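# An overview of the molecular structure
Now for the letters of each chain:
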Amino acid sequence: MHTIDVESIAGDLGTYEVTWWVDEYVNNPFDEYDHFTSVVLRSRDRRSLACSYGPMAEKISRILADGVHSEASVVRWLTLRGCRGIHALHHLGNDGRIAADPPFEPDTSMHSGAFRGVAFITPELLPEVSDPDRVVSEDVRELSYWAEGDVFGYSVARGSGEVVGSGGGYFGWLDTKDSILGDAVLEDIREYESHLIRQARLFGAGFIGVV
C-alpha cells in the first residue's frame, strides 16, 4: 500500500490520523457499474484501455476501426440518431489520461491528430439525464482517473493506532480528496465518537462492567 499523504484531524474527543493511500485494486468502473454514457475508445494507453460500452458503441467501434470516417462524420451520424452530450476523446500523453473535448456539433472541427474515440448518451437514456454534457464529462473523467491509476483510499486511526474507519475506490486525488475528507472521513469520526459516548453512558449507568 503506497501512502500518498498523512494528516491530523481534530474530533470532539481527540485527534485522529488520516492516511491517504493509492488504491491499486480497483477494476475499470465501466466494467463494474452501469453508466449513462456510451464510450468507444481505441486501445493505446498503458492499461491497454479499449472501451466499447453502451448502446450503439459496438457499431461506432467498427466505424472508428475502419479508419475511413472522420471525427465530424461520426458526430454527425450520432447527432442524426438523437444522441446528445457528444464528446470527442483524445489522449493527453502516455500515462493513460483521457480528455473529453467540449460538446461538439456535427460540423465542428476536432483534434484530428489526437482523436481516440467518442462518448455520448443515446436517445433512450436522455429522459433520465438532465445535463448530458455534464454527465458525459464526469463519466469520462472517472474512466481517465482509473486509466492513469489515480484511485485512492483512506484509513482513520486514533492515537493508540486503532483504525476507526476506512474507505477506498475514490477517483481523482486532487479533485475529490477534500470532498471525501468532508464527508466520509468526518462521518467515520463522528460515528466512532458517538459509539464511545454511548459506551460511556452505559458504563456510568451500570449496564457495562457489572459481573
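This structure is a prediction, so every number in the text was calculated from the model and none was measured.

## Some thoughts on the overall build of the protein
A count of helical and extended segments in the protein gives five helices and nine strands. Starting at the N terminus and walking to the C terminus, you meet the elements of the protein as β-β-α-β-β-α-α-β-β-β-α-β-β-α. Restricting the contact set of the protein to residue pairs at least 6 apart, pairs at least 24 apart contribute 62%. Just so you have it, the protein exposes about 11,500 Å², and 50% of that area is on carbon and sulfur atoms.

## Focus on the environment of D31
Relative to the helices and strands, D31 resides in helix α1 (residues 29-32). With a relative accessible area of 52%, D31 lands in the exposed category.

## Here's the deal with the nonpolar core
Formed by 15 residues in total, the largest nonpolar core has its most connected members in V18, W20, Y154, V156 and V185. It is helix α5 (residues 173-204) that contributes the most residues to this core, seven residues altogether. With sequence-adjacent residues up to four places away left out, Y154 is seen in contact with V18, T19, W20, W21, G165, S166, G167, Y170, I180, A184, V185 and D188.

## Description of the packing of aromatic side chains
What characterises a pair of aromatic rings is the spacing of the ring centres plus the angle enclosed by the ring planes. Applying the stated criterion to the full structure yields seven aromatic pairs. Aromatic side chains W20 and Y154 sit 6.0 Å apart centroid to centroid with 55° between the ring planes, which places their arrangement in the tilted category. With W20 in strand β2 (residues 15-22) and Y154 in strand β8 (residues 151-157), the pair connects residues that are 134 residues apart, well separated along the chain. An aromatic cluster is defined as three or more aromatic residues linked by ring pairs; in this entry it consists of W20, F152, Y154, Y170 and W173.

## Quick notes on the pattern of salt bridges
What the rule picks out here adds up to five salt bridges. Residue E7 pairs with K177 through a salt bridge whose shortest N-O separation is 2.9 Å. Note that E7 is positioned in strand β1 (residues 3-10) and K177 in helix α5, a separation of 170 residues in sequence. Relative accessible area serves as the criterion here: at 13%, K177 is assigned to the buried category. Connected through salt bridges with shared partners, the residues E7, K177 and D178 form a single ionic network.

## Regarding helix α3 (residues 71-80)
Those residues of α3 that sit buried are E71, S73, V74, V75, W77 and L78. Immediately downstream of α3, the backbone of G82 shows phi near 85°, a positive value.

## Comments concerning the sheet that holds β2
Judged by pairing direction, the sheet is antiparallel, and its four strands sit side by side in the order β1-β2-β8-β9 without closing on themselves. Looking at strand neighbours, the two that pair on one side only are β1 and β9 (163-171), the edges of this open sheet. Across the sheet, the axes of successive neighbouring strands diverge by a mean angle of 15°, strand direction being ignored. Relative to β9, β8 runs antiparallel, the two sharing six bridges. Among the inter-strand pairings, S155 is bridged to a residue of β9, identified as S166.

## Things to note about the packing of helix α2 (residues 57-65) against α3
Closest axis-to-axis distance for the α2/α3 pair is 11 Å, and the angle between their directions is 160°. Relative to α3, α2 is oriented roughly antiparallel. Where α2 crosses over α3, the two elements pack in a sense that is right-handed. Facing α2, whose interface residues are K59, I60, I63 and L64, α3 presents V74, W77 and L78. Class assignment of the residues belonging to the contact of α2 with α3 gives a composition of six nonpolar, no polar and one charged.

The rules behind the values
- Residues numbered from 1 in each chain as written.
- Predicted model: local features only at pLDDT ≥ 70, side-chain atom pairs only at ≥ 80, totals over all residues.
- Heavy atoms only, no water.
- Helix = DSSP H or I, 4+ residues; strand = E, 2+ residues; numbered from the N terminus.
- Contact = heavy atoms within 4.5 Å.
- Areas by Shrake-Rupley, 256 points an atom, 1.4 Å probe, with all protein chains shown as cover.
- Buried < 20%, exposed > 50% of the residue type's maximum accessible area, 1.4 Å probe, protein only.
- Core = buried A, V, L, I, M, F, W, Y, C linked by side-chain atoms within 4.5 Å.
- Phe/Tyr/Trp six-rings, centres within 6.5 Å; stacked < 30°, edge-to-face > 60°.
- Salt bridge = Lys/Arg side-chain N within 4 Å of Asp/Glu carboxyl O.
- Pairing = 2+ DSSP bridges.
- Axes fitted to C-alpha atoms, helices over the stretch in contact; angles between N-to-C directions.
- Parallel < 35°, antiparallel > 145°, perpendicular 65-115°, else oblique.
- Left-handed = near helix turned anticlockwise from the far one by under 90°.
- Nonpolar A, V, L, I, M, F, W, Y, C, P; charged D, E, K, R; others polar.

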